[in-house]
Amino acid sequence: MRNALELVGGLVVTTDNSGGIGMKEADAVHAPDDLVGYFTARVTLLEQWAAGAEPVAVILHNFAGDASWDDYLSGIRRGFSESALGMPPISGSSETNMEMLQSAMAVTMVGRRCREVAQSGGSWFLYGRPLVGQDVIREPEKCAELGKVKRALDGELIDAVWPAGSGGIGAEWLRLTGRPLARWPAGVDPAASAGPATAVFVRAVPGKEAEASDHFRDYFDEIE
């Protein structure tokens, strides 16, 4: 598992947060709240899949005020819709006693293990490209699609998922395999932040590498 917390009974907890991104004047990156909710939820959802789990409940932590709640919720629902998943029960809380100068929120998911993540000997690929800040908005075509990842898991084209974060694909690969990245796509900086998991490592089921490549198509490259 990457950052998941495994509890008794096969329950898995994952979380991600966003700060200084939103529609407040003092925000470092200006973006619609529904987009912020979506990208925060996608990281949390990918962490569930990395742990072999599917979410059964969602908790939204909202520090941007009541007005942002519905938009955050809309973004979270978008992530589940793209993945062809039913929306689990959702609850949470909004900070309404103190007004924050910058936007802040977090999404926590409680999931249940439904798939074992074992070493299969399959080849690893990088799907998507590292993006952060305004580049996430400007270059959406480079962002790994949740739906494609989920369909590949369900169709047994891939058997493992590992989202990349702010440390970049080089740091994530070292954490995943224990060795430095030796080969990566041309033009990609291994140290560049992948922000809200815009780039994802996926492991192809042995013998299905070509099929996986046809499925993911663009921004899908073997690494080692």
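Conventions we followed
The numbering scheme is per chain: residues are counted from 1 as the chain's sequence reads. pLDDT decides what is reported in this predicted model: residues at 70 or higher carry local features, side-chain atom pairs at 80 or more are listed and counted, and totals for whole chains, interfaces and linings draw on all residues regardless. With hydrogens and water stripped out, all remaining heavy atoms of the structure feed into the side-chain values. Secondary structure is summarised from DSSP: a helix means a run of H or I of at least four residues, a strand means a run of E of at least two, and numbering begins at the N terminus for each. Just to be clear, the radius of gyration here is over C-alpha atoms, and the globule rule we use is 2.2 Å times residues to the power 0.38. Burial classification: accessible surface area is computed with a 1.4 Å probe over protein chains only, and a residue below 20% of its type maximum counts as buried, one above 50% as exposed, and the rest as partly exposed. We call two residues contacting when some pair of their heavy atoms lies within 4.5 Å. Throughout, the Shrake-Rupley method with a 1.4 Å probe supplies accessible areas, and for residues the shown protein chains are the sole cover considered. In this tally, Lys and Arg are treated as positive and Asp and Glu as negative; His is ignored, and so are the chain termini. Where a charge sits is defined by one atom per residue type, namely NZ (Lys), CZ (Arg), CG (Asp) or CD (Glu). Side-chain rings of Phe, Tyr and Trp (the six-membered ring for Trp) are treated as a pair once their centres are within 6.5 Å; stacked means planes under 30 degrees apart, edge-to-face means over 60, and tilted covers the remaining angles. With a 1 Å grid spanning the protein atoms alone, the term cavity applies to any set of points in which a 1.4 Å probe fits but cannot get out, the term pocket to an open set with protein on both sides within 12 Å along at least five of seven lines, and the term lining residue to any residue with an atom within 4 Å of a point. Grid points are joined across faces, edges and corners, and a volume is the space filled by probe spheres set on the points. Polar here means any residue other than Ala, Val, Leu, Ile, Met, Phe, Trp, Tyr, Cys and Pro, which are nonpolar, and Asp, Glu, Lys and Arg, which are charged; Gly is therefore polar. Throughout, nonpolar core names a set of buried Ala, Val, Leu, Ile, Met, Phe, Trp, Tyr and Cys residues whose side chains join them through atoms within 4.5 Å.

This paragraph deals with the overall build of the protein. Tallying secondary structure elements over the protein gives six helices and 11 strands in all. Against the compact-globule benchmark of 17 Å for 224 residues, the protein has a radius of gyration of 17 Å, which places it among compact chains. When the backbone C-alpha atoms are referred to their principal axes, the protein occupies close to 55 × 40 × 30 Å. Burial statistics for the protein: of 224 residues in total, 48% are counted as buried. When contacts within the protein are restricted to residue pairs at least 6 apart in sequence, those whose partners lie at least 24 apart make up 80%. When the accessible surface of the protein is totalled, it reaches about 10,400 Å², and 51% of it is carbon and sulfur. Charged side chains of the protein number 20 positive and 31 negative; the gap between the two group centres comes to 5 Å.

Below, the discussion takes up the environment of Ala106. Within the secondary structure, Ala106 sits in strand 7 (residues 104-113). A C-alpha to C-alpha distance of 19 Å links Ala106 and Ser81, two positions 25 residues apart in sequence.

If you walk through the whole model with that rule in mind, you get six aromatic pairs. Ring geometry for Tyr127 against Phe216: centres 4.7 Å apart, planes inclined by 55°, an arrangement best described as tilted. Of this pair, Tyr127 sits in strand 8 (residues 124-127) while Phe216 sits in helix 6 (residues 209-216), and the two are 89 residues apart along the sequence. Each member of the pair, Tyr127 as well as Phe216, is classed as buried. Taken together, Phe125, Tyr127, Phe216 and Phe220 form an aromatic cluster joined through their ring pairs.

Glycine aside, residues mostly have negative phi, and peptide bonds are mostly found in the trans state. You will see that Ala84, though not glycine, has its phi angle at about 55°, which is positive. If you trace the backbone, Ala84 turns up in the loop between helix 2 (69-82) and strand 6 (90-94). Phi is positive for Tyr219, close to 55°, though the residue is something other than glycine. Along the chain, Tyr219 falls in the loop between helix 6 and strand 11 (220-222). Of the residues examined, Tyr219 reaches a relative accessible area of 28% and is grouped as partly exposed.

What follows concerns the layout of surface pockets. Any empty space left between atoms is shown by rolling a water-sized probe over those atoms. Looking at the largest pocket, its volume works out to about 460 Å³. In terms of lining, the largest pocket is formed by 24 residues, of which the most central are Asn17, Ser18, Ile21, Gly195 and Pro196. The set of elements that each furnish at least two residues to the lining of the largest pocket consists of strand 2 (11-19), helix 1 (33-50) and helix 3 (134-138). For the lining of the largest pocket, a count of residues per class yields 14 nonpolar, eight polar and two charged. Of all the elements in the fold, those that place two or more residues in the lining of the second largest pocket are strand 9 (158-163) and helix 5 (168-177).

Formed by 38 residues in total, the largest nonpolar core has its most connected members in Leu46, Val149, Ile158, Val161, Val202 and Phe216. Counting residues per element, this core draws most heavily on helix 1, which supplies eight residues. Apart from the residues within four sequence positions on either side, Val149 is in contact with Leu46, Trp49, Tyr127, Ile158, Val161 and Phe216. In this structure, Ala160, Trp173, Phe201 and Ile223 belong to the second largest nonpolar core, which totals 13 residues.

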